[in-house]
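Observations on the three-dimensional arrangement
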Amino acid sequence: MGKKDARRTEQRLAASKKLDRMTAIEIVRLMNREDRRVAEAVGRVLPAVARAVDAIVAAMRAGGRLIYVGAGSSGRMAVLDAAECPPTFGISRRQMVALIAGGRRAVTGAVEGAEDSAANGARDLRRLKLGRADVVVGIAASGTTPYVLGAMKFARARGSLTVAVMANRDMPLARLAKIAIAVGVGAEVLTGSTRLKAGTSQKMVLNMLSTAVMVRLGHVYENLMIDAVMTNKKLQGRAVRILMEASGAGVSAAEDALRAAGHSMRVALVMLKLGVGATEARRKLASARGNLRLALGE
C-alpha cells in the first residue's frame, strides 16, 4: 500500500464502508445526513465567496469576462452555470464563458485523458484571447486537475484575476489563485465520487458567485429577474407577473407596457411606475446609465 492520499475527497468515509450491504433506505439516509454537512462547509467559506463576488463585479464593470474552467463533473457544473446566466440575467453569452476539458463532447460523456493535459488548459484560454480584465475561476474538486492548473498558470501569467473553487484544502490549485474557495466537504459516501458532496458544494458556490455578481451589476430589481429573456410562453407570462408584482399594475396594463417597451421589462417597469411612455422611459434609463433604481428615483 502506498501512502494515504492527502486529498480528503479520495479517502474512505467510515460510515459508508458497508455501503454495498445497506438497504435502500439506509443508503439514502446516509447520503442525506452527509449532504446536510455540505451547506455547513460552504457556510465556513462565505467571506472568500464574497471577496470573489466583489472582484468579479469590479472586473466585469471594467469590461472583463467571467471565465469558468473545469474538467469532468466540475466542468459540467461550470457549463451549466454559464449557460443559464444569459437568459436569466439578459447578459451577452460573451460575458460569461465556460471551458471544459475535452470540449463539447465532454459535457455529455467522458473524453479519455482530457483533464490530464495542462497544455490544453492554457491553449483553450489562449484561444479566448484572455486579457488582464478577465476573471478565471478554476473549478476542481481535487485541486490537482492538470487541465485546470494549466489554465490558471496561464491566467496568472496574463495578469488576470484567478479564483479557485475546490473541495480540498492546501492543494496546488489554491496556490495559483488570488482568491481560494476551499470547501472542506470531507470523504464521499462512494469513495472518490466527487459528483456527490464535492459536486453539490461546487453547485452551491457557483450559484452564489453568479447570482450575487448579477445582482450587484444591477440585473435584478428587488428579488425579481428584471432582465430575463422571454424565449417562450412560460417566460412571457412570468415577465407580466414580474411587472405586476414590481409596479402594482394589473394584467392589461403590464401586458400593454411590455408590448410598447419592445418586451424590455426594464423599460416597461419605468413606464408603469413613472407613468411615462416608452421613449421617455428609455431616456431616463440612458441618463441613469442603465441603473434602474436611479432611473426610478428610488
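A short tour of the structure in this document, coming up. Treat the numbers as computed from the prediction; the structure is a model and nothing was measured.

This next bit is on the overall build of the protein chain. In terms of regular secondary structure, the protein chain is built from 13 helices and five strands. Its C-alpha atoms give the protein chain principal-axis dimensions of about 75 × 50 × 35 Å. A total of 298 residues make up the protein chain; the buried ones form 46% of that total. The contacts in the protein chain between residues at least 6 apart in sequence include a share of 65% that link residues at least 24 apart. For the protein chain, the exposed surface amounts to about 15200 Å²; the carbon and sulfur share of it is 51%. Side chains of the protein chain give 48 positive and 24 negative charges; the mean places of these two sets differ by 4 Å.

This part covers helix 9 (residues 233–247). Counted at 1.5 Å a residue, the expected span for helix 9 with its 15 residues is 21 Å, and the 21 Å between its end C-alpha atoms agrees. If you check which residues of helix 9 are buried, you get Leu-235, Ala-239, Val-240, Ile-242, Leu-243 and Ala-246. Here the buried residues of helix 9 occupy an arc of 155° about the axis, which is enough to place them on one side. Residues Lys-233, Lys-234, Arg-241 and Glu-245 are exposed on helix 9 and point more than 90 degrees away from its buried face. Check the buried side of helix 9 and you find it contacts helix 10 (251–260) and helix 11 (265–274).

Before going further, it helps to spend a moment on the pairing of strand 3 (residues 135–139). A large share of strand 3 lies buried, amounting to five of its five residues. Alternating positions in strand 3 separate into two faces, Val-135, Val-137 and Ile-139 on one and Val-136 and Gly-138 on the other, with burial throughout. Taken together, the five bridges between strand 1 (residues 66–70) and strand 3 define a ladder with parallel strand orientation. When the bridges of strand 3 are listed, Leu-66 appears paired with Val-135. The sheet contact formed by strand 3 and strand 4 (residues 161–166) spans five bridges and is parallel. Residue pairing for strand 4: Val-136 is matched across the bridge by Thr-162. Regarding the hand of the β-α-β motif, the stretch spanning strand 3, helix 6 (residues 146–158) and strand 4 is right-handed.

In this structure, Glu-222 is a non-glycine residue whose phi angle is positive, near 55°. On the secondary structure map, Glu-222 appears in the loop between helix 8 (197–216) and helix 9. The class of Glu-222 is partly exposed, set by a relative accessible area of 48%.

Read across the sheet, five strands follow the order 2-1-3-4-5 without closing on themselves; strand pairing throughout is parallel. Both outer strands of the open sheet, strand 2 (96–100) and strand 5 (179–182), are each paired with one neighbouring strand and no more. Neighbour-to-neighbour, the strand axes of this sheet turn through a mean angle of 15°, independent of strand direction. Sheet topology note: the strand 1/strand 2 ladder contains five bridges and is parallel. If you follow Leu-66 over to strand 2, its bridge partner there is Met-96.

Take the pattern of salt bridges next. Between side chains of opposite charge, a pair can form when the charged atoms approach closely. Applying the stated rule across the entire model yields ten salt bridges. Across the pair Glu-298 and Lys-273 runs a salt bridge, and its minimum N-O distance is 2.8 Å. Linking Glu-298 in the segment after helix 13 (292–296) with Lys-273 in helix 11, this pair joins segments that are 25 residues apart in sequence. Accessibility expressed as a relative area gives 43% for Glu-298, which makes it partly exposed. With a shortest N-O distance of 2.7 Å, Glu-280 and Arg-283 are connected by a salt bridge. Of this pair, Glu-280 and Arg-283 are both found in helix 12 (residues 278–287), three residues apart, which corresponds to roughly one turn of the helix. The exposure class assigned to Arg-283 is partly exposed, which follows from its relative accessible area of 44%. Within the structure, one salt-bridge network assembled from shared partners comprises Glu-34, Arg-37 and Lys-197.

Moving on: the packing of helix 9 against helix 10. For any two helices packed against each other, one specifies the inter-axial angle together with the distance between the axes. It is at 9 Å that the axes of helix 9 and helix 10 come closest, and there the two elements cross at 115°. Taken together, the axes of helix 9 and helix 10 lie roughly perpendicular to each other. Considering only the axes of helix 9 and helix 10, their crossing is right-handed. For the pair helix 9 and helix 10, contact is made by Ala-239, Val-240, Leu-243 and Met-244 and by Val-251, Ala-254, Glu-255 and Leu-258, respectively.

Across the interface, helix 11 lies against helix 12 with an axial gap of 9 Å and an inter-helix angle of 110°. Relative to helix 12, the element helix 11 is oriented roughly perpendicular. Where helix 11 approaches helix 12, its residues Arg-266, Val-267, Val-270, Met-271 and Leu-274 are matched on the opposing element by Ala-278, Ala-281, Arg-282, Lys-284 and Leu-285. For the contact of helix 11 with helix 12, a count of residues per class yields seven nonpolar, no polar and three charged.

So, how was this worked out
Residues numbered from 1 in each chain as written. Predicted model: local features only at pLDDT ≥ 70, side-chain atom pairs only at ≥ 80, totals over all residues. Heavy atoms only, no water. Helix = DSSP H or I, 4+ residues; strand = E, 2+ residues; numbered from the N terminus. Buried < 20%, exposed > 50% of the residue type's maximum accessible area, 1.4 Å probe, protein only. Contact = heavy atoms within 4.5 Å. Areas by Shrake-Rupley, 256 points an atom, 1.4 Å probe, with all protein chains shown as cover. Lys, Arg positive; Asp, Glu negative; His and termini not counted. Charge placed at Lys NZ, Arg CZ, Asp CG, Glu CD. Expected span 1.5 Å × (residues − 1). Arc of directions from axis to C-beta. Pairing = 2+ DSSP bridges. Right-handed = clockwise from strand over helix to strand, strands pointing away. Axes fitted to C-alpha atoms, helices over the stretch in contact; angles between N-to-C directions. Salt bridge = Lys/Arg side-chain N within 4 Å of Asp/Glu carboxyl O. Parallel < 35°, antiparallel > 145°, perpendicular 65-115°, else oblique. Left-handed = near helix turned anticlockwise from the far one by under 90°. Nonpolar A, V, L, I, M, F, W, Y, C, P; charged D, E, K, R; others polar.

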